[in-house]
Amino acid sequence: IFFRVQFNFFCAMPGQMDMSNMENDPLLLSECRSFWKGYRFHDTEKEQQFQNLYLPDLLRFCQVWCVINVAFDTVQPLANTAYGFSPAFYLAHVPGIATALGLLILVSCFPSNRRHILFWVSAATFLTAASRGLLVHFQSEALIGYSLQDELGEVAKEVSNNKVAMDQLESFLGQRTIISVLNAQLAQGVLNFLLLACAGFAQSTLWSCVLQPVVFLGALLMSADVRRNLFLLIFPCAGFFLVFVVLLLRMRSDSLTRRRMFILQRYFREALDKAVDSSRKADSVLNHTLNTNMAEAAGLIELFLDNVQSEGPVYSELHRATVCLQRGMRSCRHRRAYVQMAANEYELALEPVRLPEFVGELVGGTGMQVQVPTCVLLLDTTLCSLVLDNAISNAFRHGTSPESAVHLAVTTTPTGDGRLRLCFALTNQVSPTKPVLTQDFVARAWNGTHGTHGRQAPAHSPMSNGIGLQQAFLSAHLHDMALHLTQDGTEARFTARVIASVAADPEPPRPADPGPFPPDLHICVIDDSEGSRQLLQHHLLHRVTPHVHVFGESVRDVEPFIKRTMAVAHIAVLDQNLEYASVTVLGTDIIAAL
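Keep in mind that what you see is a predicted model, and the values were worked out from it rather than measured.

This part covers helix α14 (residues 335-342). Residues three or four positions apart in an α-helix share a direction because the helix packs 3.6 residues into each turn. For α14, every residue scored as buried is listed here: R335, A337 and M341. Projected onto a plane normal to the axis of α14, the buried residues spread over an arc of 160° and lie on a single side. Positioned one or two residues after α14, N344 has a phi angle of 55°, which is positive.

Turning next to the sheet that holds strand β8 (residues 522-526). Across the sheet, which stays open at both edges, the 3 strands sit in the order β9-β8-β10 with parallel pairing between neighbours. What marks the edges here is a single partner per strand, and that holds for β9 (547-551) and β10 (571-574). Averaged over all pairs of adjacent strands, the angle between strand axes in this sheet comes to 15°, irrespective of strand direction. Sitting on the sheet, helix α20 (residues 558-568) is in contact with β8, β9 and β10, with an inclination near 165° to β8.

In this section: a nonpolar patch on the surface. On the surface, L101, I105 and F110 cluster together into a nonpolar patch covering about 260 Å² of accessible area. Here I105 lies in helix α6 (residues 94-109).

Our focus in this paragraph is the pattern of salt bridges. Overall, the coordinates contain 7 salt bridges when judged by the stated rule. Of the charged contacts in the structure, one is a salt bridge between E270 and R266, with a shortest N-O distance of 3.4 Å. Here the residue E270 and the residue R266 both occupy positions in helix α12 (residues 234-308), the gap between them amounting to 4 residues, near one helical turn. Relative accessible area serves as the criterion here: at 42%, E270 is assigned to the partly exposed category. Between D417 and R419 there is a salt bridge whose closest N-O contact spans 3.2 Å. Owing to a relative accessible area of 34%, R419 belongs among the partly exposed residues under this scheme.

Right, let's talk about the side chain of T125 for a bit. Locating T125 in the fold gives a position in helix α7 (residues 117-151). A relative accessible area of 0% means that T125 is categorised as buried. A polar contact of 2.9 Å, which involves the side chain of T125, links it to the backbone oxygen of S122. Within the structure, T125 has its side chain in polar contact with the side chain of S208 (distance 2.9 Å).

Read across the open sheet, the 5 strands follow the order β2-β4-β5-β7-β6; overall the sheet is mixed. Each of the sheet's edge strands pairs with one partner strand only, and the pair in question is β2 (369-371) and β6 (482-488). Sheet twist, expressed as the average angle between the axes of neighbouring strands with direction ignored, equals 15°. Two strands pair when backbone bridges link them, and β6 and strand β7 (residues 491-501) are joined in this way by 7 bridges, in the antiparallel orientation.

Moving on, we come to the packing of aromatic side chains. Applying the stated criterion across every chain yields a total of 2 aromatic pairs. An angle of 70° between the planes, with centres 5.2 Å apart, marks the rings of F119 and W120 as edge-to-face. Consider the rings of F551 and F561, whose centres lie 5.8 Å apart with planes at 75°: the pair is edge-to-face. Of the two residues, F551 is situated in strand β9 and F561 in helix α20; the sequence distance between them amounts to 10 residues. For F551, a relative accessible area of 14% corresponds to the buried category. Relative accessible area serves as the criterion here: at 0%, F561 is assigned to the buried category.

Packing of helix α15 (residues 355-363) against helix α16 (residues 381-398) brings their axes to within 10 Å, and their N-to-C directions diverge by 40°. On the basis of their axis angle, the class for α15 and α16 is oblique. Once α15 is placed against α16, the crossing between them reads as right-handed. Of the residues in α16, those touching α15 at F358, L362 and V363 are T381, C384, S385, L388, D389 and I392.

It is worth spelling out the nonpolar core at this point. Counting 37 residues, the largest nonpolar core has C62, W65, L103, I117, V121, C209 and L247 as the members making the most contacts within it. Those elements that place two or more of their residues in this core are α4 (44-79), α6, α7, α9 (163-199), α10 (203-220) and α12. Here C209 is in contact with L196, F244, L247, L248 and M251, once residues within four sequence places are set aside. Membership of the second largest hydrophobic core comes to 30 residues, among which are L362, C375, V387 and L426.

In this section: the packing of α4 against α6. At a closest axis distance of 8 Å, the pairing of α4 and α6 adopts a crossing angle of 150°. Taken together, the axes of α4 and α6 are roughly antiparallel relative to one another. α6 is crossed by α4, and the crossing has left-handed handedness. On α6, the residues touching L59, C62, Q63, W65, C66, V67, N69, V70, D73 and T74 of α4 are G96, I97, A100, L101, L103, L104, V107 and S108. When grouped by side-chain class, the residues that make up the contact of α4 with α6 number 12 nonpolar, 5 polar and 1 charged.

Quick notes on the rules
- Residues numbered from 1 in each chain as written.
- Predicted model: local features only at pLDDT ≥ 70, side-chain atom pairs only at ≥ 80, totals over all residues.
- Heavy atoms only, no water.
- Buried < 20%, exposed > 50% of the residue type's maximum accessible area, 1.4 Å probe, protein only.
- Helix = DSSP H or I, 4+ residues; strand = E, 2+ residues; numbered from the N terminus.
- Arc of directions from axis to C-beta.
- Pairing = 2+ DSSP bridges.
- Axes fitted to C-alpha atoms, helices over the stretch in contact; angles between N-to-C directions.
- Contact = heavy atoms within 4.5 Å.
- Patch = residues over 30% accessible without salt bridge, like charges linked within 9 Å, V, L, I, M, F, W, Y side chains within 5 Å.
- Areas by Shrake-Rupley, 256 points an atom, 1.4 Å probe, with all protein chains shown as cover.
- Salt bridge = Lys/Arg side-chain N within 4 Å of Asp/Glu carboxyl O.
- Polar contact = N/O pair within 3.5 Å; in protein donor to acceptor, adjacent residues only side chain to side chain.
- Phe/Tyr/Trp six-rings, centres within 6.5 Å; stacked < 30°, edge-to-face > 60°.
- Parallel < 35°, antiparallel > 145°, perpendicular 65-115°, else oblique.
- Left-handed = near helix turned anticlockwise from the far one by under 90°.
- Core = buried A, V, L, I, M, F, W, Y, C linked by side-chain atoms within 4.5 Å.
- Nonpolar A, V, L, I, M, F, W, Y, C, P; charged D, E, K, R; others polar.

Below is the structure:
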């Protein structure tokens, strides 16, 4: 690990990266503080988000570092108990054990302190460096004394009367012992380098890197033996300083790169969120516009058919066009459900549904045969209409004429627990030009891989990519509805089964016909759509009263509408969004004025 990390340090020297460009990057200059403040972000929340990205890895590495240090500082004195060293030798290991153990408890048992983990890591490495220097002092003194008294006791007795020989012996033992102990402590100091490299560049780690060599050397110079052999410290300490310089440069390089990537990712995420939000708003406007235009087109066709009162084939096609427009308007109303299902946020909304009215709205104008019982059940009308709309559309698109060949049978069967098993069975005659509905074909159609050999069908494909079937399958899954699509000879059969609870009728029985409207009834209408104004005026004139006053060609009609309504009207009909070239007027504002 040591050689791999050192190799990475040297390979990632600033010469490999254009640091001048990184330092002069306006993005970093505007977002980060200076070098001596660890390039922290000015925004505290942003800085905390940046630190949280690397917190899990740093926490695990910190815990491993603590365990290794505790193990080393515990095993080493225990292994030397047989030599009878002085208590100072053993007590010198206590600061290192206490530091590592305290850090382990702090970050593992107190999660609230993890937000300051960089400070705790920096403090722990600083204290560990100081304890390593103290260990050199106490270990060298104890080992020199042990060597003179035990290992070389006889030699020491022989030369005790020779001061020159004794000085040489002590000098030789001191040099050998100090180098051995110093190299051992420097090797253990590599763990500090690894932990700081994992922690990254910050104000606290910067000062830890700067002060560790100083405090380590200061602790070494406490030993008289070390002071007598200062020349021995030149190469180890030079290497020690070099590693710290490389470590500091590496941490600085990594920090600038990480922070720049974090800023870019954050800006990209904000831009993406803004684009998604703008897209949703534009989609809502487009959805509203499409719904309005289709409603106006359907109204104009209906107005034309009411005026013509003919049953020719051309007018039959117009009736079918009206049905298609109504289905399109229903799809626009389902837009919110599409968005929620795509985001896996749709929540089932059961409501009392009259089956005859619900099915009648779905099949209105299609001319298909329908059998439906009279009952009220709790259903999610949005999901059910998504499933059945798609099934009816496919039956006419892929079946044969006439319309009477398409048949919808709705049946209910008691389940024994007060609920009903509702079954929608749609049958139609399959066109001979269409592929046979095999189980494999249907399964691939549900999954959206029809005709693509397991790949998603491209959006620009001229063939149907089965998106409607996928949407129906997803809707059925959310409603716990079982779907089946089979073919028997020339007949295709689609069934949708769901268990539903019986509900009370949401509306009381309608009263008897109260009779005609009063002859002197006045109605004022304001709408910015010419088609809507024509349709409202046509129906109100023919079904309600001859006194209909229509406004809304321009924004100048708002004030006359208010005056006319206050003067003669009994009923006011207003569009909520009156959109003109220069201004948009809300119907609720006009009501407030009224």
